[in-house]
Amino acid sequence: MALKRLPWFLLLLVVLLTSACSQDPAVFEEHSTVFEVGDHPAWSGKDWNDDNWKKWIKYVPDGQIFWSRTKIDILSAPEGSRPYGLQIDVYGEYEIFWDGVLIGRNGNPGQEAELPPEGKLWITHGIPAQLATEGEHVLAVRLSNYYFPDHVGRYVIEIADYEDLLTSLLIKTSYMHVFAGAFLIISIYFLFLFLNNRKEYPTLIFSICCFLIFALVLTVFSKDYVPIHYSLHVIRLQIINTFLLGISFLIPYYFSMQFPYPRRGLSLILYAALLIFFWLKDGHAFDFKTVSMVLSMWCFSFGMVAYGVYKNVRGARLVLGTLLLSMAVFLASGFVVSMYTGMGLILLGMLYLLTLNIKTQRLAYENSLVQSTRLRLELLKKNIQPHFLMNTLTSLIDWVEESPKKGAMFIEALAKEFDLFNQIEDQTLIPIAQEIALCRTHLEIMEYRKEINYTWEEEGIDLEQMVPPAILHTLLENGITHSLPLSDNSVRFKLVYESNSHYKSYSFLTFATVVKHTTSKEDGTGLKYIKARLTESYQSGWDLTSEPTSHGWKSTLKIYS
Amino acid sequence: MNVLIIEDESRIAKRIERITRDILGDDLQLLTHINTLGEALSFIEKTPLDLVILDLNLNGDNGFDLLTTAVSKSFHTIVISAYKDQAITAFEYGVLDFVPKPFNKERLERAFNRVSFKESVEPRDTRYLAIKKRHKIQLLSIDDLIYIKGAGAYAELFMTDGSKELHDKSLEKLEHLLSSSFERIHKSYLVKMSEVKGVIVKSGSKYWAELKNGELIPIGRTKYKDLKAKWF
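Throughout what follows, the structure given in this document is the object of discussion. Not measured: the values here are computed from a predicted model.

**What about the overall build of chain A?**
Each helix and strand counted, chain A has 13 helices and 17 strands in total. Relative to its 561 residues, chain A shows a buried fraction of 32%. For chain A, restricting intrachain contacts to residue pairs at least 6 apart in sequence, the fraction spanning at least 24 positions comes to 74%.

**Some remarks on the sheet that holds strand S4 (residues 93-98) of chain A**
Residues and elements named next belong to chain A. Pairing within the open sheet is antiparallel, and its five strands lie in the order S1-S2-S7-S4-S5. Across the chains shown, the open sheet's two edge strands, defined by having one partner strand only, are strand S1 (28-37) and strand S5 (101-106). Direction aside, the axes of adjacent strands within the sheet are offset by 20° on average. Inspection of the sheet shows S4 paired to strand S7 (residues 135-144) by six bridges, in the antiparallel sense. What sits directly across from Phe97, in S7, is Ala140.

**What to know about the sheet that holds strand S11 (residues 154-159) of chain B**
All names here are of chain B. Pairing is antiparallel in the open sheet, where five strands are placed in the order S12-S11-S10-S14-S13. The sheet is open, and its two borders are formed by strand S12 (164-167) and strand S13 (182-186), each paired with just one other strand. Going across the sheet, the axis of each strand differs from the next one's by a mean of 25°, ignoring polarity. By the bridge criterion, six bridges tie strand S10 (residues 145-151) to S11 in an arrangement that is antiparallel. Looking at S11, one finds that Lys149 is bridged to Glu156.

**Quick notes on the packing of helix H1 (residues 10-24) of chain B against helix H5 (residues 105-115) of chain B**
All names here are of chain B. At a closest axis distance of 10 Å, the pairing of H1 and H5 adopts a crossing angle of 60°. Judged on the interaxial angle alone, H5 and H1 are oblique. Between H1 and H5 lies a crossing whose hand is right-handed. In this structure, H1 contributes Ile19, Asp22, Ile23 and Leu24 to the contact, and H5 contributes Lys105, Leu108, Glu109 and Phe112. Grouping the amino acids of the contact of H1 with H5 by side-chain chemistry returns five nonpolar, no polar and three charged.

**Examining the pairing of strand S2 (residues 65-74) of chain A**
Residues and elements named next belong to chain A. Pairing of S1 with S2 involves eight bridges; the strand directions are antiparallel. What sits directly across from Thr33, in S2, is Thr70. Two elements, S2 and S7, share 10 bridges in a ladder whose sense is antiparallel. Looking at the pairing, Ser68 lines up with Val141 of S7.

Conventions adopted
Residues numbered from 1 in each chain as written. Chains lettered and ligands numbered in written order. Predicted model: local features only at pLDDT ≥ 70, side-chain atom pairs only at ≥ 80, totals over all residues. Helix = DSSP H or I, 4+ residues; strand = E, 2+ residues; numbered from the N terminus. Buried ≥ 20, exposed ≤ 12 C-beta atoms within 10 Å, placed from the backbone. Contact = placed C-beta atoms within 7 Å. Pairing = 2+ DSSP bridges. Axes fitted to C-alpha atoms, helices over the stretch in contact; angles between N-to-C directions. Parallel < 35°, antiparallel > 145°, perpendicular 65-115°, else oblique. Left-handed = near helix turned anticlockwise from the far one by under 90°. Nonpolar A, V, L, I, M, F, W, Y, C, P; charged D, E, K, R; others polar.

Right under this line is the structure:
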């Protein structure tokens, strides 16, 4: 992914999304709506005097009929035979009149208590072309509101070309579904990634976030094709806010994982409490809840990412950029547009962080591959490195010249060590018995070379145990190199195994005269090999110590369970 | 000849000993084998030696430390090592020969022939001369050397900065070690030819080499012809 181009891509996305929401000039002007409880057929008429009707009714109990009248100026008549359409969101079941002519019906006003719920909340009614002349008109609604008697009030009215209204709904809905679909796919993809690597919680959280955004967008924008009776509207809003609650918590939680800071747990608990407070806050102020949660999410995320930038965490700058951009969109275009654009931007920022993580992991994995290949080569090299091979061959020539029979035995010992190395060459763990066999063969070879009596002893060995290849062999090599024989021309090695519930331990003892080094000690490549092998198999769960003792040298290897 | 073998592999040491006895025969007065660096260093200080045969990897010690000490002494040093890639460095330090392991009698014999001057030595890229100064071994770069004057068993090294150092090796041994850019122009002088500006002939057919720093060094009457053919 060309990450350098990501900021430009984000900008383009914002421009596209904002331009998609631009609108044509209005064709009507709406005056204030007035209400009256009661029922009279003449109330639908254009000329009915509604001067003493109320601007506001607080409460209409028991699904009684009441009326509303709204004066509307049509600024320009429809072109040709294309009628105007009217969209109106009303809590209630109603009949709708245009200058006294019934133009739409939604459910059974006044009979809600007896009949089951009928009709839907969002409808586009047609206004016959001949009625929508330029000039003043009256929109009268005869309705009852059985389910939310205390929610009698203003409603949003939109008048425009009938087909355009439907088409723009269709376009908006399909755009938002494409948007949602993208999040669904991302969500599934990262869910699978998580299922394959269950330690990567950021992947899971990202996946859930994407899914929640998918669900949120789908719930919000399905209203134009899923008929919802007004009695169900609160439930719909509650569902939407619950999705938002999840998103608002998970996004900062995700950032807190990527940019860890002190007292993380406590701050997250407080943040969750704040969100739940907004979520539970009284009844029907859904817009307030939504705005509060989304703004809190932004503020918390911003704080965390800013801390990440302060700590110079990789990727933090770009994510901070997407957050600032989303705030810019909010300030420029209002809440609804900025919420989806902003979430898209923030999720892109999160995605960017994940790709950084994936890259880091891939590099680490490649590194480990290189490392194990290097260890394998190192193991192979043990037998062909000049110090071992050339000294062995020189001694061997001498034995062959002096005593061909011994020479042959020497070659056999050498063949055995080569064979053992061949067997363990591509293993990361081998049975301890194999490792001991390797050590014994090596001692046999060294006896021919150094003409010192080497002896090998072991105590408490558990033959079930596995060890990384050639680590005891390397300790043995070091022991041989740095030891001079005792007065009886012998050097003794002893391997002691102990285990308890915490660790397994191998003590490697050398009984010899330790060489006092008059010069700088040779670089401990052997020790490096042992450490790299132990790290490969046990990560940090091991410990290796070496110390001189009265009888020679002692190395202790502990492997923690 | 007094010979010291420093080798920590017993079998190999025995082999060197045996071959040495074979080659040197009655010339051999003393043959000692030591397997640790510390012992070897104190032995070198106490015993007059003609040749040291040295393994560079001893019980985990780095033989180069011993090498700088050894090459500052009057005796020649032959290195026997499993690491062929150490050969160049060893020659730079001024060893007479480098014998890679595994070796046979013929190879060792060639090395011994160099010691006894029976075999001509190809010019070597010795880059340093190790000298002992105030109980410390110091490496002098050949680049800073102008000429060497023989002084009995020792040699005096004349450097570009005007200083004069003493080396325990004789002029003959140093001539063996230094590359062909040095010429023995007189029985007592070994001169780096790039430092020679010209030849001055004085009355009585006396020849002098004039150095870039203005010094005059006598040219041996017998050497002049060869020098003229080769250099002028």
